[in-house]
Amino acid sequence: MKLFYYRSTPLFIGLWLVCMGLLHREVTSQSFLAKDALIDINDGALIMRQDYLGLYLANKKVGYSRFVLKEDNEESIVQQPGKHLLFQSDMYIQIEAMGMPVTIKMRQMGEVNEDLTMRAFNFSYEASGQTLSRLIIAEKDGLHITTKSGQSSTEEIIPSASPVYNMEMIHLLLARQGLETGRQNVFPVFDPTLMSLVTVNTTVEERETLTLPSGEKVETFKIDTNLKGLRSTSWIDANGNVYKEVSPVAGITFTALRESKEDAVNMDFVPEEIQNQPPVDAGRDLIMASRILIEPPITSPEDVRFMKFKLSGATRDEIPLDDGFQTFLREENGALILQTRSLDYAAVRAAAAPEKPPYANPADAALEPYLKPDSLVQSEDSRIREKALEITRQAATRWEAAEAIATWLYTEIKKEIRVTIPSALEILSSMKGDCNEHSTLFTALARSIGIPTKICAGLVFQDDGFYYHAWNEVFIGGQWYPIDSTLNRIEMDAAHIKLAEGSLEAQTDIVGMIGTLKVEILDLEYKE
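Keep in mind the model is a prediction, meaning the values are calculated, not measured.

In this structure, what is going on with helix H3 (residues 170–177)? I would like to understand it.
Every α-helix carries 3.6 residues per turn, so stepping three or four residues along brings you back to the same face. By the criterion of burial, H3 is predominantly enclosed, with six of the eight residues buried. Turning to H3, its buried residues number three or more, namely Ile170, His171, Leu172, Leu173, Leu174 and Ala175. Positive phi appears at Gly178, one or two residues downstream of H3, with a value of about 100°.

If you want it as structure tokens, here you go:
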């Protein structure tokens, strides 16, 4: 039976949604003030730009977005001097994951300086019953961020020595700097979904005549955009009007088209250009589309103790290697030959000294990052700590504590596809989720009682192929031990391939691999 835990969809959908924010932007004030100015009936501000995009997955409509840019008025998130512009962007997406409909709503409302650098903005995300919001304020020492999810509120400062941009401003910047074939730009931007500073690279590739649905022809510049390995192509004219963007992921083409408000918000409206695209075999189900089929399939993957395989589509420096569980053997015709081996869990169980939680932190400074809380792994919150102590009250050793947490998660968390930005406290409240929810809450619970813990992302074999998945590693007895609470594989089998480890930001490093990775099994050994 296939469970609802595969979590590739939120990872690459989240990053794709960020890239979609690059599309619907206009240029500098003189061009749109004269032509398209409107008055906002709510506050009387001059609206400089109001654009709508229809969003499509292969030949199906999956949503729309709206972007508004207007002059400054009495509204301001921060009381800073200087003229500024106000913006708002809204995005609505409806997709399928393992046959289940998922609706995602994202909104950003904020302000930028005249040079388009960030001043402040509010970000909100709603999906799968979760509401998460972030307030980001640019100060001299960096970005001051307040995150709210459920009943939790955390504050964090991300240092930044130079000004940064909001994703919504990229095409404004391109147009303001001038569109010339061959021109390359690098923009530092803050991504509120990943809570990190990322780099957006753009290249003006060539001029191209684009035919609109009306038959009108427009002269455009073809722009290549690269964000953490996820590439997209957009077509904009000399005035910065964006007419189209295409982003291929996992063999599926995502397309955004400039449309009227009426057509964009009408989920039944599909232009002829999109209708003529070939359908995706898996429909709008991105999880099924991103799987890596294996022939013949692995029987009883939970019993695999050793797996030797060829991995194509990744390089040595892109994935974790030689960590005890996963070992690099050699390169062969551009592919990696790797092996995974289930660890000796009997040894860690036998060697574990009697010890009751909470545990003293290890002296090794290298382990400190794996004990720290963050805005989504709230391991210092009393509710997390109290639940962890309750779960592990019978545990006699650190390993038994980790095992108790994994067993509790598998037993108590309702298995359900959720396209969330996983927050440990929200998961503890909702008590439902897939592998990202399991691994996030496991991390918070284990860290809260002093067990260094990682989140890992990669592939797991299920039924007919490898699916993108997340699990954990705990540091006990001088070694990292993988543990999969979603599948109840506490002594984790070797039918897992680790591609990344760390925060949600680190996990998204694998997005560029989705659709390009191939796995060939060379050898298998099963438990006796």
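Here the narrative resumes.
Sorry if this is basic, but what is going on with unusual backbone geometry here?
In terms of backbone geometry, most residues other than glycine have negative phi values and most peptide bonds are trans. Here Glu295 and Pro296 are connected by a cis peptide whose omega angle stands at -5°. Not every positive phi belongs to a glycine, and Asp322 is a case in point at roughly 55°. Residue position: Asp322 is located in the loop between strand E18 (304–312) and strand E19 (326–332). Residue classification places Asp322 among the partly exposed residues on the basis of a relative accessible area of 48%. Of note, Met431 is a non-glycine position whose phi angle comes to about 55°, a positive value. Mapping Met431 onto the fold places it in the loop between helix H10 (424–430) and strand E22 (432–433). Here Met431 falls in the partly exposed class, since its relative accessible area comes to 22%.

Would you mind showing me how to read the sheet that holds strand E27 (residues 518–526) here?
Sheet strands pair via backbone hydrogen bonds, and the direction of the pair is either parallel or antiparallel. Sheet architecture is open: four strands sit in the order E19-E20-E18-E27, paired in antiparallel fashion. Two strands bound the open sheet, and with one partner strand each, they are E19 and E27. Ignoring which end each strand starts from, the neighbouring axes of this sheet average 20° apart. Examined bridge by bridge, E19 and strand E20 (residues 335–341) share six bridges and lie antiparallel to one another. When the bridges of E20 are listed, Glu332 appears paired with Ala335.

When you look at the pattern of salt bridges in this model, what are you seeing that I'm missing?
Side chains that differ in sign of charge can pair as their charged atoms come close. For the structure on display, the rule yields 27 salt bridges. Of the charged contacts in the structure, one is a salt bridge between Lys244 and Glu273, with a shortest N-O distance of 2.7 Å. Residue Lys244 is located in strand E15 (residues 242–249), and its partner Glu273 is located in helix H5 (residues 272–275); the two are separated by 29 residues in the primary sequence. Lys244 gets classed as buried once you look at its relative accessible area, which sits at 16%. Arg398 serves as the salt-bridge partner of Glu355, at 3.1 Å between the closest nitrogen and oxygen. Here Arg398 lies in helix H9 (residues 398–412) and Glu355 lies in the loop between helix H7 (345–351) and helix H8 (382–391), a separation of 43 residues in the sequence.

Looking at this model, I keep getting lost on the packing of H8 against helix H11 (residues 435–448). Mind explaining?
Between two packed helices, both the angle of their axes relative to each other and the distance between the axes serve to describe the pair. Between H8 and H11, whose axes approach to 8 Å, the crossing angle comes to 80°. When the axis of H8 is compared with that of H11, the two are roughly perpendicular. Contacts between H8 and H11 involve Ile384, Arg385, Lys387, Ala388 and Ile391 on the former and, on the latter, Leu441, Ala444, Leu445 and Ser448. Of the residues contributing to the contact of H8 with H11, the split by class is six nonpolar, one polar and two charged.

Conventions and cut-offs
Residues numbered from 1 in each chain as written. Predicted model: local features only at pLDDT ≥ 70, side-chain atom pairs only at ≥ 80, totals over all residues. Heavy atoms only, no water. Buried < 20%, exposed > 50% of the residue type's maximum accessible area, 1.4 Å probe, protein only. Helix = DSSP H or I, 4+ residues; strand = E, 2+ residues; numbered from the N terminus. Pairing = 2+ DSSP bridges. Axes fitted to C-alpha atoms, helices over the stretch in contact; angles between N-to-C directions. Salt bridge = Lys/Arg side-chain N within 4 Å of Asp/Glu carboxyl O. Parallel < 35°, antiparallel > 145°, perpendicular 65-115°, else oblique. Contact = heavy atoms within 4.5 Å. Nonpolar A, V, L, I, M, F, W, Y, C, P; charged D, E, K, R; others polar.

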